[in-house]
Amino acid sequence: MPAKLIVCPNCFEKHPPEEFAFACTKTGCGREGTTIPPAEVLIQGGKPLCPSCRSHLSERLCPSCGYAIIAEDDTVPSVPISIVGAEGSGKSNYLSVSIDQIRRNLSKHYDCSLYPLGGDDTIKHYETRYYQPLFVKGQCINSTQQEEVTPLLYSLIFSGSPMAGRSCNLTFYDACGANFKSERVMSDYNRSVYNARGILFFVDPFQIASVRDNVRSTGRQVSNEDAATLLARTIHLIRQGGGRKNIRRKIDIPIAVCLTKADTIRGLLDPSSFILYPSRHTKHRRFDLPDHNSTSLEVKSLLESWGEVEIVNQVTSQFSDYAFFALSSLGSPPTENNSINHISPHRVLDPLLWVLWRNRIIQAGA
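Asker: Honestly, the sheet that holds strand β14 (residues 255-259) in this entry has me stumped. Any pointers?
Answerer: Pairing between the strands of a sheet comes from backbone hydrogen bonds, and it takes one of two forms, parallel or antiparallel. Here we have seven strands laid out as an open sheet, ordered β10-β11-β12-β9-β13-β14-β16, and mixed in their pairing. Edge positions in the open sheet fall to β10 (112-116) and β16 (322-326), since each of these has one partner strand only. Taking each pair of neighbouring strands and ignoring which way they run, the sheet shows an average axis angle of 25°. As defined by bridge partners, β14 adjoins β16 across five bridges and the pair is classed as parallel. Considered in β16, the bridge of L259 is made with A326.

This is the structure we're talking about:
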């Protein structure tokens, strides 16, 4: 049996465990914060120990990029989630709100908690980049500017009934919108896409001409990027970079096509629209299949009626596992100066819960 390889969540290079150096994190140790080469690591009971203080070493250092990887139990599945979308499609606002919703809403209904694997680095990164601007200052988050983005790493730990779900490690990638503007740039910076266990593909309603003609976009950043073109680039990246070049085989990564900023299209929806109803996926501690099937079919039909048949056809012909969603991270449009007075998320966790279900983390039912 081939040796298990560890995939770095930062550079995605794969290495056998014996190639990793370690870092001691124990305060006061003479080796604290220094690199401990593999040859110097003590092994006791199968666990690596610091040669100086003999404390358990919990941080592996990637041989390629030096990124500190938390040494977690290998039996806990990893679910990297890549958020793909043009600049202004709402990726950063979504990530800010969805993590807050996991902590405050999902945890209550599923008896789970979100533990930051990166420790203070993850906590500070989320607080300064995502939480403080939106929830404290009341300002929509500026589009991600840097080309390379540090992922947010968490453990989603289920502590209640096993019927609710099983623990997993979650990695969120919020890539700069500019990274999706050309195939060359995508191949340089978006390796997270073809290594993902779930893709959230964001479609801004204002990327759709028929919607722009009928809805005023006050206070919203509008992307000029064509969603179908971006999807085609994404598919090509996955096939070229992820070893899935045989076009007769569909891509095996679950993809959630997410119509964002759903609050702006209320006037285009029938009053009986399933999209307008609150999500049922947290109500019964499971992924609600009737609710999902109804909303997915409706969003798919909306895209087709708005002239986005190409998006639908690309997804259904290229991916073996797909679904359609509509969500609003903020719940209402921001003001002219990009501020938001009240955040009222709508169906924001639906695509994430679908990815968790498709990865067998949570269960589904009628």
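Asker: Quick question: what am I supposed to make of helix α7 (residues 289-305) here?
Answerer: Each α-helix winds once per 3.6 residues, and so residues spaced three or four apart point in a common direction. With 17 residues, α7 ought to run about 24 Å at 1.5 Å a step, and its terminal C-alpha atoms sit 24 Å apart, in line with that. Every buried residue belonging to α7 is among D291, H292, T295, S296, E298, V299, L302 and L303, and all of these are buried. Down the axis of α7, the smallest arc covering the buried residues is 165°, so these residues share one side. Facing away from the buried side of α7 by more than 90 degrees, the exposed set consists of L297 and S305. Immediately downstream of α7, the backbone of G307 shows phi near 90°, a positive value.

Asker: Whenever I open this one, the pattern of salt bridges confuses me. Can you help?
Answerer: Think of it this way: side chains of opposite charge can pair up when their charged atoms draw near. Taken as a whole and assessed by the stated rule, the structure comprises ten salt bridges. We note a salt bridge from D291 to R347, for which the minimum N-O separation is 3.0 Å. Taken together, the positions of D291 in helix α7 and R347 in the loop between β16 and α9 (350-358) put the pair 56 residues apart, joining distant regions of the chain. For the pair shown, D291 and R347 are each scored as buried. Here R358 makes a salt bridge to D321, at a shortest N to O gap of 2.8 Å. One end of the pair, R358, is in helix α9; the other, D321, is in the loop between α8 (309-318) and β16, with 37 residues separating them in the sequence.

Asker: Would you explain the packing of helix α1 (residues 91-110) against helix α2 (residues 120-136) in this entry?
Answerer: Axis angle and axis distance: for two packed helices, these are the angle between their axes and the distance between the axes, and together they describe the pair. For the pair α1 and α2, the least separation of the axes is 9 Å and the interaxial angle reads 90°. By the angle class used here, α1 and α2 are roughly perpendicular. Judged by residue contacts, S92, N93, L95, S96, V97, I99, D100, R103 and R104 of α1 engage Y126, E127, R129, Y130, Y131, L134 and F135 from α2. Taken together, the residues that form the contact of α1 with α2 break down as eight nonpolar, three polar and five charged.

Asker: Mind showing me how you'd approach unusual backbone geometry here?
Answerer: Generally, phi is negative for residues other than glycine and the peptide bonds are trans, each holding for most cases. With a phi close to 55°, K261 is a non-glycine residue in the positive phi region. Turning to its location among the elements, K261 is positioned in the loop between β14 and β15 (287-288). Backbone geometry places R347, a non-glycine residue, at a positive phi of 55°. In this structure R347 comes out as buried when scored by relative accessible area, which is 6%.

Asker: Looking at this structure, I do not really get the packing of aromatic side chains. What am I missing?
Answerer: Given two aromatic rings, one states the distance between the centres and the angle between the planes to describe the pair. Scanning the model with the defined rule gives eight aromatic pairs in all. Centroid distance F287 to W357: 5.3 Å. Interplanar angle 20°. Geometry classified as stacked. Linking F287 in strand β15 with W357 in helix α9, this pair joins segments that are 70 residues apart in sequence. Relative accessible area serves as the criterion here: at 0%, F287 is assigned to the buried category. A ring pair is formed by Y322 and F324, whose centres lie 6.2 Å apart and whose planes are at 70°; its orientation type is edge-to-face. What makes Y322 partly exposed here is its relative accessible area of 33%. A residue is classified by how much of its surface remains accessible, and F324, at 1% relative accessible area, is buried. Its end group placed over the ring of Y130, R129 keeps NZ or CZ at 5.5 Å from the ring centre. Between R358 and the ring centre of W357, over which it is positioned, the NZ or CZ distance is 4.5 Å.

Asker: Even after reading the chapter, I still don't get the nonpolar core, so can you show me in this structure?
Answerer: Looking at soluble globular proteins, one finds that nonpolar side chains tend to be buried together. Counting 45 residues, the largest nonpolar core has L156, L170, F172, L200 and L356 as its most contacted members. A total of seven residues in this core trace back to one element, the largest contributor, which is α1. When near neighbours in sequence (up to four residues on either side) are disregarded, L170 contacts V79, I81, L114, L152, L153, Y154, L156 and L356.

Asker: Which parts of the structure should I look at to understand α9?
Answerer: Most of α9 sits inside the fold, with seven of its nine residues counted as buried. Within the sequence span of α9, burial applies to D350, P351, L352, L353, W354, V355 and L356. Within two residues after α9, R360 carries a phi angle of roughly 65°, on the positive side.

Asker: Would you mind going over the state of the cysteines with me for this structure?
Answerer: Note on terminology: a disulfide is the covalent bond linking the sulfur atoms of two cysteines. One pass over the structure, following the stated rule, counts zero disulfides. C29 carries a free sulfur, and the closest cysteine sulfur to it, the one in C53, is 3.6 Å from it. Accessibility expressed as a relative area gives 11% for C29, which makes it buried.

What counts, and where the lines are drawn
- Residues numbered from 1 in each chain as written.
- Predicted model: local features only at pLDDT ≥ 70, side-chain atom pairs only at ≥ 80, totals over all residues.
- Heavy atoms only, no water.
- Pairing = 2+ DSSP bridges.
- Helix = DSSP H or I, 4+ residues; strand = E, 2+ residues; numbered from the N terminus.
- Axes fitted to C-alpha atoms, helices over the stretch in contact; angles between N-to-C directions.
- Expected span 1.5 Å × (residues − 1).
- Buried < 20%, exposed > 50% of the residue type's maximum accessible area, 1.4 Å probe, protein only.
- Arc of directions from axis to C-beta.
- Salt bridge = Lys/Arg side-chain N within 4 Å of Asp/Glu carboxyl O.
- Parallel < 35°, antiparallel > 145°, perpendicular 65-115°, else oblique.
- Contact = heavy atoms within 4.5 Å.
- Nonpolar A, V, L, I, M, F, W, Y, C, P; charged D, E, K, R; others polar.
- Phe/Tyr/Trp six-rings, centres within 6.5 Å; stacked < 30°, edge-to-face > 60°.
- Lys NZ or Arg CZ within 6 Å of the ring centre and 35° of its normal.
- Core = buried A, V, L, I, M, F, W, Y, C linked by side-chain atoms within 4.5 Å.
- Disulfide = S-S within 2.5 Å.

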